[in-house]
Amino acid sequence: MNKMLLGALAAVGLGAATAGVVVMAGIVDVGADTPHSSFTYQALTFARERAIASRTGDIQVPTDLADPERVRRGAGNYAAMCVNCHLSPEAPDSEIRKGLYPTPPNLSEKPTSPPSRDAARDFWIIKHGIKASGMPAWSKGGMEDEAIWDLAAFLQKMSLLSAPAYEQMVAASDGHSHGGVAGHDHGHDDHEAKPAEVPEKPAGKRKKADGHDHGAHKH
C-alpha cells in the first residue's frame, strides 16, 4: 500500500513539474488564431457546461417570459450589445466574430427542430459571463436582472425571425436600456451627452489644428 501511495505521489509530482516547465518555457500558445487540441476543447466544453448546470438549478424563470413586451425590450439590448458577436438573422459573419476564439455561437441560426433554449442558462451566462471566452458579465456593467430576462426572452424568439422582422422589432424597441422595466431605466437613447463649451481663444493665439488621418481603413 505504501509503495502504491508513494508511486501515486511521485506521478503527481512529476506531472506538476512537467506542467511547470511547459508554462515557464512559454510552450503554450495563447494566440486566438491557434485552436485548442480536440481533447482540450472537449474538456473545456464539458467543464463549462457542468459548471453552468450546477449553478442554474435554483434560478426561477419568470412566468411572463413570453410576454411580447419583454421580447420587444430585449431586441433593443441585443442589437446594442450582442449582435457583433452573435449575429442577427441572415447577417454575414462579423469582423470581430471571425477573430474570436472560441467562436461565439450564432444565436440567430435557424433551428433544425423547434427551438428549446434553456432560459435559465441564457440568463446565467448573460449575467455572469464566461471566463477567457470574450463573453462579458453584463451585470458588472450595471445591467439589472429584469433587463437580462428581457434578453433571454428575445433569444427564445430571434432564431424564428426573418431579417426584416428582426429590424422591425429592434426599431420598435426602447434601444439600449439596462433597466428593462419602467421606473428602472438607464437607457442611452433619451439623454445624449452635450459637448462641453470651450471658450474661444482670441484671434491670433489659435494654434493650427493638428491633422490626424487614419487613412482609408473602414468598418
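The structure this text deals with has already been given above.
Calculation notes
Residues numbered from 1 in each chain as written. Predicted model: local features only at pLDDT ≥ 70, side-chain atom pairs only at ≥ 80, totals over all residues. Heavy atoms only, no water. Helix = DSSP H or I, 4+ residues; strand = E, 2+ residues; numbered from the N terminus. Expected span 1.5 Å × (residues − 1). Buried < 20%, exposed > 50% of the residue type's maximum accessible area, 1.4 Å probe, protein only. Contact = heavy atoms within 4.5 Å. Axes fitted to C-alpha atoms, helices over the stretch in contact; angles between N-to-C directions. Parallel < 35°, antiparallel > 145°, perpendicular 65-115°, else oblique. Nonpolar A, V, L, I, M, F, W, Y, C, P; charged D, E, K, R; others polar. Disulfide = S-S within 2.5 Å. Phe/Tyr/Trp six-rings, centres within 6.5 Å; stacked < 30°, edge-to-face > 60°. Polar contact = N/O pair within 3.5 Å; in protein donor to acceptor, adjacent residues only side chain to side chain. Salt bridge = Lys/Arg side-chain N within 4 Å of Asp/Glu carboxyl O. Core = buried A, V, L, I, M, F, W, Y, C linked by side-chain atoms within 4.5 Å.

A. Representation of helix α7 (residues 145-158). Across its 14 residues, α7 extends 20 Å between first and last C-alpha, which sits within 8% of the 20 Å expected from 1.5 Å per residue. Among the 14 residues in α7, 10 count as buried, and that is most of the element. Residues of α7 that are buried: Ala-147, Ile-148, Trp-149, Asp-150, Leu-151, Ala-152, Ala-153, Phe-154, Leu-155 and Met-158. In this fold, the buried residues of α7 make contact with α3 (68-81), α6 (119-128) and α8 (163-172).

B. View of the packing of α3 against α7. One way to put it is that α3 packs onto α7 with a least axis distance of 7 Å and a crossing angle of 95°. With respect to α7, the element α3 is oriented roughly perpendicular. Here Arg-70, Val-71, Arg-73, Gly-74, Ala-75, Asn-77 and Tyr-78 of α3 come into contact with α7, specifically with Glu-146, Ala-147, Trp-149, Asp-150, Leu-151, Ala-153, Phe-154, Leu-155, Lys-157 and Met-158. Of the residues contributing to the contact of α3 with α7, the split by class is 10 nonpolar, two polar and five charged.

C. Structural detail: the state of the cysteines. Across all of its chains, the model carries zero disulfides by this definition. Unpaired in this structure, Cys-82 has its nearest cysteine sulfur neighbour in Cys-85, at a distance of 8.5 Å. Assessed through its relative accessible area of 11%, Cys-82 is described here as buried.

D. Here's a closer look at unusual backbone geometry. For the peptide bond that leads from Tyr-101 to Pro-102, omega is 0°, which places it in the cis range. With respect to the helices and strands, the residue Pro-102 is situated in the loop between α5 (95-99) and α6. Even without a glycine there, the phi angle at Glu-90 is positive, about 65°. Here Glu-90 lies in the loop between α4 (83-86) and α5. Positive phi values are uncommon outside glycine, yet Ala-132 reaches one of about 55°. Relative to the helices and strands, Ala-132 resides in the loop between α6 and α7.

E. Molecular detail of the packing of aromatic side chains. Tallied over the full model, the rule gives five aromatic pairs. Aromatic pair Tyr-78 and Tyr-166: ring centres 6.5 Å apart, planes at 85°, arrangement edge-to-face. Taken as a pair, Tyr-78 in helix α3 and Tyr-166 in helix α8 lie far apart in primary sequence, 88 residues in all. When its relative accessible area of 0% is taken as the criterion, Tyr-78 is described as buried. Classification of Tyr-166 by relative accessible area gives buried; the value is 3%. Consider the rings of Phe-123 and Trp-149, whose centres lie 4.2 Å apart with planes at 15°: the pair is stacked. In this pair, Phe-123 is assigned in helix α6 and Trp-149 in helix α7, connecting sequence segments 26 residues apart. For Phe-123, a relative accessible area of 7% gives the class buried. Pairwise contacts between aromatic rings join Tyr-78, Phe-154 and Tyr-166 into one cluster.

F. Structural view of the environment of Asp-174. Among the secondary structure elements, Asp-174 is positioned in the segment after α8. With 102 residues separating them along the chain, Asp-174 and Arg-72 place their C-alpha atoms 7.9 Å apart. Of note is the side chain of Asp-174, whose polar atom sits 3.0 Å from the side chain of Arg-72.

G. The pattern of salt bridges, seen in detail. Within this structure, the stated rule accounts for 11 salt bridges. Of the charged contacts in the structure, one is a salt bridge between Arg-70 and Asp-64, with a shortest N-O distance of 3.1 Å. Between Arg-72 and Asp-174 there is a salt bridge, and its shortest N-O distance comes to 3.0 Å. Here Arg-72, found in helix α3, pairs with Asp-174, found in the segment after α8; they are 102 residues apart in sequence, far enough to count as distant. Each of the salt bridges in this network shares a partner with another, and the network as a whole consists of Asp-64, Arg-70, Arg-73, Glu-146 and Asp-150.

H. The arrangement of the nonpolar core in detail. Counting 28 residues, the largest nonpolar core has Tyr-78, Phe-154, Met-158 and Tyr-166 as the members making the most contacts within it. Among the secondary structure elements, those contributing two or more residues to this core are α3, α6 and α7. Discounting chain neighbours no more than four positions away, the residues touching Met-158 are Tyr-78, Leu-87, Pro-89, Leu-107, Ser-108 and Tyr-166.

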